[in-house]
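Each chain, letter by letter, is given below.
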Amino acid sequence: MTGITAYKCNKCGLVMYPKHFRCLKCKGREFEEIEPAGDAKLLTYTVVDQLPWGMDERGRVLGIVEFANGVKATGLVKADDPKLGMKLKAEWGPVRVVGGEPAYGLTLIPKK
Amino acid sequence: MRPVVIAGVGMIPFERTEEGGLVEMLATAGLNALVDAGVDDRPVDAVYLGNMASGLFNHQEAVASALVDSLALMPAAAERVENGPASGGSAIKNGFLAVASGFSDIVLVVGGEKMREVIGPKATDIVATMTHPMAEYVYGVTLPAQAGMFARLYMTKYGITRHHLAQVAIKNQNNGLLNPYAHIQMKITEEGILTHPQAHINNPVVADPLYLYDCCPVSDGAAAVLLTTPEIAKALKKPQVIIAGVGQATDTHALQEREDPTDLKAVTLAAKKAFEMAGAQPKDIDVAELHDAFTILEIAESEHAGFFKKGEGAQALDAGVTQIGGKLPINPSGGLKARGHPVGATGVAQIVELVWQLRGTAGKRQVKEAQTGFSLNFGGFGNNVLAFVVRREA
Ligand SMILES: [Zn+2]
């Protein structure tokens, strides 16, 4: 359960996340809602030491992953030693505190 | 379309402004451009203000109206143009269109931002609100984080090292020492920021692989240009520096949706359009001001704009091609890295620098016999980009 809804164009099959009102490729307007599925491959990442106001931490790893079914998404990578191309498992978890409440998002942990 | 001349330019030093608010800064830069053009009591038809976030930074809106009032330009038309860190470039484009179309004869374009009114992490957050709210921002994605993710891929793909990034920082900070308007006035060495065992103390990680000296400072600043027709510019006895080409292009909001995340498509397209309109090619450019908010961007933009082949920008940098005195000086002003990056001001400040260069009045950082200049203003993380070709007519 990743908590993310991605969109697959009914006309040309392009997979998009986040949502667009028209397909980025063919301008189609009908989509099938899909969930990211399969392992997530780490396409790129950064280790952030200077975070915005309200996030008091260092070494936060943020990355872009691609799932086996083509969904691409940004998430919080919970790996001490991230590597390009590494396989990650996706979960839906707290990623930030907003107004005292946890905000949820995509968290990614290394696959054993 | 009518030709459009940049008949006046003005700036205030980029720094942490201690006295006066945003409107005073904008008005001072605007007045400098009016005085430089010598318009005196000629009526100004319109004012376009490039500003990204006066509401969030300064708790003030409708700033263009405040600006015309401050400069006694009523009843000139006035509005603020917002396009993130390319707000300045977008304001210039709007001013250009107004004069080129014949709708206006004299237009003042001002760009400015007062970012240091809030603390650093707050400024980082305000700028980060440009990212996609649910797909990026919620995770703590900032502009440096996007640049870090881009840099990792770009460096891996093209064999760019931290040595190359340091060369951008060193060159631009050296150039900044020649520019009295530059925020950062400090010579740095590769030893001090990279090779010394304790360099990490001077140069800590911001968003790995980008470090402090890979990132532009947070600055206050404003810049202005006065745009008019060749006839009026002649009557004002000003050099005929024209906006010969304008290009703009957009790309996906979220970085993850780019088919090839190392491809800055909007940069390529904006530059191509500007060159086509100007009837020029990259080889015709004598001096360029690129949007080096992060060192990696100067290298990547120099390639995407067509000055060097993909993967060859770093070698050109290493060979001194982009130094003042090289074949294609890039960022003689010091760029965003040294001049500073008050977001709404940058696109206008780039054009101001080019006009000084083309007029031959750039002082110690003058590029010899510069006739044609190029600027690139990079909005968001490359999702809304403007490019300009400016030329000194004989
Ligand atoms: Zn489609």
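So, how was this worked out
- Residues numbered from 1 in each chain as written.
- Chains lettered and ligands numbered in written order.
- Predicted model: local features only at pLDDT ≥ 70, side-chain atom pairs only at ≥ 80, totals over all residues.
- Heavy atoms only, no water.
- Helix = DSSP H or I, 4+ residues; strand = E, 2+ residues; numbered from the N terminus.
- Buried < 20%, exposed > 50% of the residue type's maximum accessible area, 1.4 Å probe, protein only.
- Contact = heavy atoms within 4.5 Å.
- Areas by Shrake-Rupley, 256 points an atom, 1.4 Å probe, with all protein chains shown as cover.
- Lys, Arg positive; Asp, Glu negative; His and termini not counted.
- Charge placed at Lys NZ, Arg CZ, Asp CG, Glu CD.
- Buried area = accessible area lost by both parts, 1.4 Å probe.
- Salt bridge = Lys/Arg side-chain N within 4 Å of Asp/Glu carboxyl O.
- Polar contact = N/O pair within 3.5 Å; in protein donor to acceptor, adjacent residues only side chain to side chain.
- Nonpolar A, V, L, I, M, F, W, Y, C, P; charged D, E, K, R; others polar.
- Pairing = 2+ DSSP bridges.
- Donors = N, O, S within 2.8 Å, 3.2 Å for Na, K, Ca; no water.
- Tetrahedral: all angles 85-135°; square planar, octahedral: opposite > 155°, others 65-115°.
- Patch = residues over 30% accessible without salt bridge, like charges linked within 9 Å, V, L, I, M, F, W, Y side chains within 5 Å.
- Phe/Tyr/Trp six-rings, centres within 6.5 Å; stacked < 30°, edge-to-face > 60°.
- Lys NZ or Arg CZ within 6 Å of the ring centre and 35° of its normal.

### Description of the overall build of chain A
Here is step 1: When its secondary structure is counted, chain A shows 0 helices and 8 strands.
Here is step 2: Secondary structure elements in chain A, listed N-terminal to C-terminal, are β-β-β-β-β-β-β-β.
Here is step 3: In terms of its C-alpha atoms, chain A occupies a principal-axis envelope of roughly 45 × 35 × 25 Å.
Here is step 4: By the burial criterion, 46% of the 112 residues in chain A qualify as buried.
Here is step 5: Counting contacts in chain A only where the partners sit at least 6 residues apart, residues at least 24 apart contribute 44% of the total.
Here is step 6: Total accessible area computed for chain A in this model is approximately 6,200 Å², and 49% of it derives from carbon and sulfur atoms.
Here is step 7: Distance between charge centroids for chain A: 8 Å, based on 18 positive and 13 negative side chains.

### Section: the interface of chain B and chain A
Here is step 1: In this complex, chain B contributes 32 residues to the contact, which on the side of chain A involves 33 residues.
Here is step 2: With both sides pooled, the region where chain B packs onto chain A buries about 2,700 Å², and carbon together with sulfur makes up 61% of that total.
Here is step 3: Contact with chain A buries area across many residues of chain B, yet B:Y139, B:M149 and B:Q256 alone supply 29% of it, more than any other trio.
Here is step 4: Summed over the shared surface of chain B and chain A, the number is 1 salt bridge.
Here is step 5: Our count for the contact surface shared by chain B and chain A stands at 15 residue pairs in polar contact (both at pLDDT 80 or more).
Here is step 6: Contributions of two or more residues to the side of chain B that touches chain A are made by α5 (120-128), α6 (143-158) and β5 (205-208) of chain B.
Here is step 7: Take the side of chain B that touches chain A: its biggest share by element is 6 residues, from α6(B).
Here is step 8: Its residues placed into classes, the side of chain B that touches chain A shows 16 nonpolar, 8 polar and 8 charged.
Here is step 9: Here strand β4 (residues 40-48) of chain A pairs with β5(B) via 2 bridges, running antiparallel. Residue A:V47 lies in a different strand from β5(B), and its bridge partner there is B:D208.

### Things to note about the sheet that holds strand β1 (residues 6-9) of chain A
All names here are of chain A.
Here is step 1: What the 3 strands build is an open sheet, ordered β2-β1-β3; its pairing is antiparallel. Of all the strands in the sheet, the pair left with one neighbour each is β2 (15-16) and β3 (31-34).
Here is step 2: The pairing of β1 with β3 spans 4 bridges and is antiparallel. Directly across from A6, in β3, lies its bridge partner I34.

### Here's the deal with the coordination of the zinc ion
All names here are of chain A.
Here is step 1: With distances of 2.3 Å, the protein atoms coordinating the zinc ion are C9 (SG), C12 (SG), C23 (SG) and C26 (SG).
Here is step 2: Classification of the site at the zinc ion rests on its 4 donor atoms, whose angles at the metal span 99 to 115°, yielding the label tetrahedral.
Here is step 3: Of note, the zinc ion draws all its donor residues from one chain, in the sequence arrangement C-x2-C-x10-C-x2-C. Separated by 14 residues along the polypeptide, C12 in the loop between β1 and β2 and C26 in the loop between β2 and β3 bring together distant segments of the chain.

### Points about a nonpolar patch on the surface
Here is step 1: Together, B:M1, B:L97 and B:M277 make up a nonpolar patch on the protein surface, roughly 320 Å² of accessible area in all.
Here is step 2: In this fold, B:L97 is placed in helix α4 (residues 87-100).

### Topic: the packing of aromatic side chains
Here is step 1: Taken as a whole and judged by the stated rule, the model has 9 aromatic pairs over all chains.
Here is step 2: Relative to B:Y154, the ring of B:F150 lies with its centre 5.1 Å away and its plane at 25°, an arrangement referred to as stacked. A residue pair is termed a helical-turn pair when its members lie 3 or 4 positions apart in one helix, as B:F150 and B:Y154 do in helix α6 at 4 residues. Here B:F150 and B:Y154 have matching classes, each one buried.
Here is step 3: Relative to B:F374, the ring of B:F275 has its centre 5.1 Å away and its plane inclined at 10°; by these criteria the two rings are stacked. Taken together, the residues B:F275 in helix α11 (residues 265-278) and B:F374 in strand β10 (residues 372-379) connect sequence positions 99 residues apart.
Here is step 4: The class of B:F275 is buried, set by a relative accessible area of 4%.
Here is step 5: B:F374 sits in the buried class, given a relative accessible area of 0%.
Here is step 6: Taking NZ or CZ as reference, B:R152 lies 3.7 Å from the ring centre of A:Y45, over its face.

Note that every value here comes from positions in space, so none of it alone points to a role or purpose.
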